[in-house]
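# What the coordinates show
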Amino acid sequence: MTEQKKPRHTLPGDIERTSMAIITGELEQRGIALLPGTEAVVRRVIHTTADFDYAESLRFTPGAVAAAVAALKAGADIITDTNMARSGVSKPSLSRLGREVCCYMAEPQVAQAAREQGTTRAVAAVRYAAQRHSSALFAVGNAPTALLALCDLMEETAFRPAAVIGVPVGFVNVVESKERLMAVCARLGVPAIAAMGRKGGSNVAAAICNALIYTAVDALDPVNRGWQG
């Protein structure tokens, strides 16, 4: 009978720190040099997905990470397009900034507006959120229609979110919505982060939010989040 090896890393902080070291090493082996200022976001997404494609598919408007971090420090809330993404955002770290993460998809008013306007609930939720948050960070991980609605609002009104994370996953309108988002945000000077192509998801949206939050509260090292190891 073969003797099983015991795991060497068992404490949460040690596991995360070792994982990040592995990611850094593999990026170097692949010859991938991350853009300055984007490292925390890219590594966090790879840590969440174990997918190194994000090192090349993640796109940033100039200074997007620094601007999003500054917005969080200045009091911006986070709006997600799914409760799954909302649940993945670190509440303890965000609370250190005195902010909250909101998702309006389940609001009765949103469901009613979607029916009356003949649109998706994601679109209605974005419009609902924009009326209540003049300058929030919007994180879209599921619905490309939400990204398109944000683009419409930015182009047609004075609405300017603090930043937009656009990482919906899928096949219909996904690629197009991300391309439009980056073009609109670049033209209007709105910070944006997007995962170009079909890949993404609520977990990716939450991972990017967490990278920004951890940067804002100096908690990229898990020890600074109170984790063991």
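Refer to the preceding data block for the structure.
A brief look at the structure comes next.

So, how was this worked out
- Residues numbered from 1 in each chain as written.
- Predicted model: local features only at pLDDT ≥ 70, side-chain atom pairs only at ≥ 80, totals over all residues.
- Heavy atoms only, no water.
- Helix = DSSP H or I, 4+ residues; strand = E, 2+ residues; numbered from the N terminus.
- Rg over C-alpha atoms; globule rule 2.2 N^0.38 Å.
- Buried < 20%, exposed > 50% of the residue type's maximum accessible area, 1.4 Å probe, protein only.
- Contact = heavy atoms within 4.5 Å.
- Areas by Shrake-Rupley, 256 points an atom, 1.4 Å probe, with all protein chains shown as cover.
- Lys, Arg positive; Asp, Glu negative; His and termini not counted.
- Charge placed at Lys NZ, Arg CZ, Asp CG, Glu CD.
- Salt bridge = Lys/Arg side-chain N within 4 Å of Asp/Glu carboxyl O.
- Polar contact = N/O pair within 3.5 Å; in protein donor to acceptor, adjacent residues only side chain to side chain.
- Axes fitted to C-alpha atoms, helices over the stretch in contact; angles between N-to-C directions.
- Parallel < 35°, antiparallel > 145°, perpendicular 65-115°, else oblique.
- Left-handed = near helix turned anticlockwise from the far one by under 90°.
- Nonpolar A, V, L, I, M, F, W, Y, C, P; charged D, E, K, R; others polar.
- Phe/Tyr/Trp six-rings, centres within 6.5 Å; stacked < 30°, edge-to-face > 60°.
- Lys NZ or Arg CZ within 6 Å of the ring centre and 35° of its normal.

Another point: the overall build of the protein chain. A count of helical and extended segments in the protein chain gives 11 helices and 6 strands. Taking 2.2 N^0.38 as the reference for a compact globule, 229 residues should give roughly 17 Å; the C-alpha atoms of the protein chain span a radius of gyration of 18 Å, in line with that estimate. Referenced to the eigenvectors of the C-alpha coordinate spread, the extents of the protein chain come out at roughly 65 × 40 × 35 Å. A buried classification covers 50% of the 229 residues belonging to the protein chain. Within the protein chain, contacts between residues separated by at least 24 positions form 68% of all contacts whose residues are at least 6 apart in sequence. Of the roughly 11300 Å² that the protein chain leaves accessible, carbon and sulfur atoms contribute 52%. Charge centroids of the protein chain, computed over 24 positive and 21 negative side chains, lie 3 Å from each other.

This part takes up the pattern of salt bridges. Under the definition given, this model contains 10 salt bridges. In this structure, the salt-bridge partner of Asp221 is Arg17, at a minimum N-O distance of 3.2 Å. On the criterion of sequence distance, the pair formed by Asp221 in the segment after α11 (202–216) and Arg17 in helix α1 (residues 12–29) is long-range, its members being 204 residues apart. Between Arg30 and Glu26 there is a salt bridge, and its shortest N-O distance comes to 3.7 Å. Accessibility expressed as a relative area gives 29% for Glu26, which makes it partly exposed. Through salt bridges with shared partners, a single ionic network connects Asp152, Glu155, Arg180 and Arg187.

A few words on the environment of Ala67. In this structure, Ala67 sits in helix α4 (residues 64–74). Judged by relative accessible area, which is 29%, Ala67 ranks as partly exposed.

Quick look at the side chain of Thr82 now. Within the element layout of this structure, Thr82 appears in the loop between β2 (78–80) and α5 (83–88). Among the residues examined, Thr82 registers a relative accessible area of 13% and is labelled buried. At a separation of 3.0 Å, a polar atom in the side chain of Thr82 contacts the main-chain amide nitrogen of Ala85. Not counting chain neighbours up to four residues away, the residues in contact with Thr82 comprise Cys103, Asn142 and Ser202.

What follows is about the packing of α1 against helix α2 (residues 39–49). The contact between α1 and α2 brings their axes to 10 Å, and the two run at 110°. Judged on the interaxial angle alone, α2 and α1 are roughly perpendicular. Across the interface between the two elements, Glu16, Ser19, Met20, Ile23, Thr24 and Leu27 from α1 touch Arg43, Arg44, Ile46 and His47 from α2.

Two elements in contact, α4 and α11, have axes whose closest approach is 9 Å; the angle formed by their N-to-C orientations is 65°. Viewed along their axes, α4 and α11 adopt a mutual orientation that is roughly perpendicular. Between α4 and α11 lies a crossing whose hand is right-handed. The residues of α11 that touch α4, namely those facing Val65, Ala68, Val69, Leu72 and Lys73, are Leu212, Ile213, Thr215 and Ala216. Of the residues contributing to the contact of α4 with α11, the split by class is 7 nonpolar, 1 polar and 1 charged.

What follows deals with the packing of aromatic side chains. With the rule as written, the count across this model stands at 2 aromatic pairs. Centre to centre, the rings of Tyr104 and Tyr128 are 5.1 Å apart; their planes meet at 65°, and the pair counts as edge-to-face. Highlighted residues: Tyr104 in the loop between β3 (101–102) and α7 (108–117) and Tyr128 in helix α8 (residues 121–132), separated in sequence by 24 residues. A relative accessible area of 13% means that Tyr128 is categorised as buried. With centroids separated by 5.7 Å and ring planes inclined at 90°, the aromatic side chains of Phe138 and Phe159 adopt a geometry described as edge-to-face. Within this pair, whereas Phe138 is found in strand β4 (residues 137–140), its partner Phe159 is found in the loop between α9 (144–156) and β5 (163–166), the two being separated by 21 residues in sequence. With relative accessibility at 2%, the residue Phe138 sits in the buried group. The cationic tip of Arg225 hangs over the ring face of Tyr214; the distance from NZ or CZ to the ring centre is 3.9 Å.

As far as function goes, none of this settles anything; it's purely spatial.
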